[in-house]
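This is what each chain is made of:
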Amino acid sequence: MEDNTSVRIYYYYDFTDTDHFCSRLEQHFRETGHERPLEFISWNCYRQQPGMDGDIYIYDAIALTALVNKGYLHQLPEVIDTSDMFSWTIDKSKVGKKTYGVPLMICANTLICRKEDDRNIKNIFDLHERTAIPLKTMLMYYYIQAFCNYQNDSVHRIFEHLIKLMGGREYLAGSSLNEYDGVRRFRSEECRYFLGFTESLRLFEPDDYIVRFANFSENPEDQMPLFMVDYASLGNNVREEKLLDCLDLLEIMTDEEFIFDLCVQEGRLQYMLPPCMSVYRRLAEMDPVYDQLYQQLLPEENGVFRYKKSFYEEFYRKSDELLESLMLMDHK
């Protein structure tokens, strides 16, 4: 009997411009002759596990090990061409030496300033002025990035400095992304430096910007740079004809034209960081800042934010405990 059931795609709710991504994916799927229905299911990959009925899962790599361990994901067949991807996005996403996902987009903790305000900031300790920082939401990411550089109590010095840049502990509770006013403060020049994501560049006035990936250490260079990477994976139970359609969907997601379309919507740059290297030349023709970004994404020492298999059980519990300890910490 012919299988006409829909492809169930669990996508995490904050992945790029989700509506545009879903509509363009379905459009490309239809243009290549496919008739199988697509069912898009919004899912907060940080806070909850998805259903086991997914055929494709789109998620942040921070949850990758947990999703593999809990039996959601299927090893990626070698038919998907990843040769145009930054190699570290493939090499450093393996679980048990097996590849489970194709990278869809990269995200980075980024320090941005106008060219005339550039003071050649090499690390977070070079900053000595008020800065809007989404510390509550990004707490564990900052902690992991700092810990990879220090692996000792010096990590707390970094948080003391970040709290000072924010203006004090009274700003900790309201420092989540949904309350983050960094864009307004940067645009009004209340803050000369912006700590956030490259995507916010689309909200800034046209100008020459210096964009550096944030270094949470005292070293001139980040010894272990880490990036948030979004991946797409096959569900563990997808089979036969539907499997072929799912593989075609993954090939569309990794196609240069599809990725370029995500990065340039209606002729406007979205300032996302695609994992596809060949796209950067075209993006740099629209804004040379992409030359800066490309050079920073090339090094093989770049890594991917990952957490262990107990992600869903402990990641945010530890984040809450860390936040509480920062609120109470002696800061004399």
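Data block above holds the structure.
Here goes a summary of the coordinates provided. (Residues numbered from 1 in each chain as written. Predicted model: local features only at pLDDT ≥ 70, side-chain atom pairs only at ≥ 80, totals over all residues. Heavy atoms only, no water.)

Another point: empty space enclosed by the protein. Under the counting rule described, the total for this entry stands at one cavity of 30 Å³ or more. Here the largest cavity is characterised by a volume of approximately 40 Å³. Those elements that provide at least two residues to the lining of the largest cavity are strand E6 (110-114) and strand E8 (209-213). Broken down by element, the lining of the largest cavity gets its largest block of residues, three residues, from E6. Among the residues forming the lining of the largest cavity, the class breakdown is six nonpolar, no polar and one charged. (1 Å grid on protein atoms, 1.4 Å probe; cavity = no way out; pocket = protein on both sides within 12 Å on 5 of 7 lines; lining within 4 Å. Points joined across faces, edges and corners; volume = space filled by probe spheres on them. Helix = DSSP H or I, 4+ residues; strand = E, 2+ residues; numbered from the N terminus. Nonpolar A, V, L, I, M, F, W, Y, C, P; charged D, E, K, R; others polar.)

Bringing the layout of surface pockets into the picture now. Computed from the structure, the second largest pocket encloses a volume of approximately 560 Å³. Considering the residues around the second largest pocket, the lining is formed by 23 residues, among which Phe 213, Pro 220, Glu 221, Asp 222 and Gln 296 are closest to the centre. In terms of residue class, the lining of the second largest pocket is built from 11 nonpolar, seven polar and five charged.

Turning next to helix H5 (residues 154-166). Working note: α-helix, 3.6 residues per turn, so residues spaced by three or four point in the same direction. If you check H5, its first and last C-alpha atoms are 19 Å apart, about what 13 residues at 1.5 Å a residue would give, namely 18 Å. Inspection of H5 places Val 155, Ile 158, Phe 159, His 161, Leu 162, Ile 163, Leu 165 and Met 166 among the buried residues, and these make up the whole buried set. Residues of H5 that are buried make contact with helix H4 (135-150) and helix H11 (311-328). After H5 finishes, the residue Gly 167 shows a positive phi value of roughly 115°. (Expected span 1.5 Å × (residues − 1). Buried < 20%, exposed > 50% of the residue type's maximum accessible area, 1.4 Å probe, protein only. Contact = heavy atoms within 4.5 Å.)

Another aspect to go through is the sheet that holds strand E7 (residues 194-196). Spatial strand order, E7-E6-E8: three strands in an open sheet with antiparallel pairing. Sheet topology places E7 and E8 at the edges, where each strand pairs with a single neighbour. Going from strand to strand, the sheet's axes swing by 25° on average, the running direction of each strand aside. In this structure, E6 lies alongside E8, joined through five bridges in antiparallel fashion. What sits directly across from Ile 112, in E8, is Val 211. (Pairing = 2+ DSSP bridges. Axes fitted to C-alpha atoms, helices over the stretch in contact; angles between N-to-C directions.)

Among the five residues that make up E6, five are buried, leaving the element largely enclosed by the rest of the structure. Both faces of E6 are covered, namely the face carrying Thr 110, Ile 112 and Arg 114 and the face carrying Leu 111 and Cys 113. In the sheet, E6 pairs with E7 via three bridges, with the strands oriented antiparallel. Of the residues in E7, the one forming a bridge with Ile 112 is Phe 194.

Attention now moves to the state of the cysteines. For the coordinates displayed, the defined rule picks out zero disulfides. No disulfide involves Cys 45; its sulfur sits 12 Å from that of Cys 107, the nearest cysteine. (Disulfide = S-S within 2.5 Å.)

All right, on to the pattern of salt bridges then. Tallying each qualifying case throughout the model produces 21 salt bridges. For Glu 190, the salt bridge identified is with Arg 185, shortest N-O distance 3.2 Å. The exposure class assigned to Glu 190 is partly exposed, which follows from its relative accessible area of 45%. Arg 185 sits in the buried class, given a relative accessible area of 8%. The shortest N-O distance in the salt bridge between Glu 314 and Arg 317 comes to 4.0 Å. Taken as a pair, Glu 314 and Arg 317 lie in helix H11 at a separation of three residues, close to a single helical turn. The class for Glu 314 is buried, based on a relative accessible area of 12%. Three or more residues are tied together by salt bridges with common partners; here these are Lys 308, Glu 314, Arg 317, Lys 318 and Glu 321. (Salt bridge = Lys/Arg side-chain N within 4 Å of Asp/Glu carboxyl O.)

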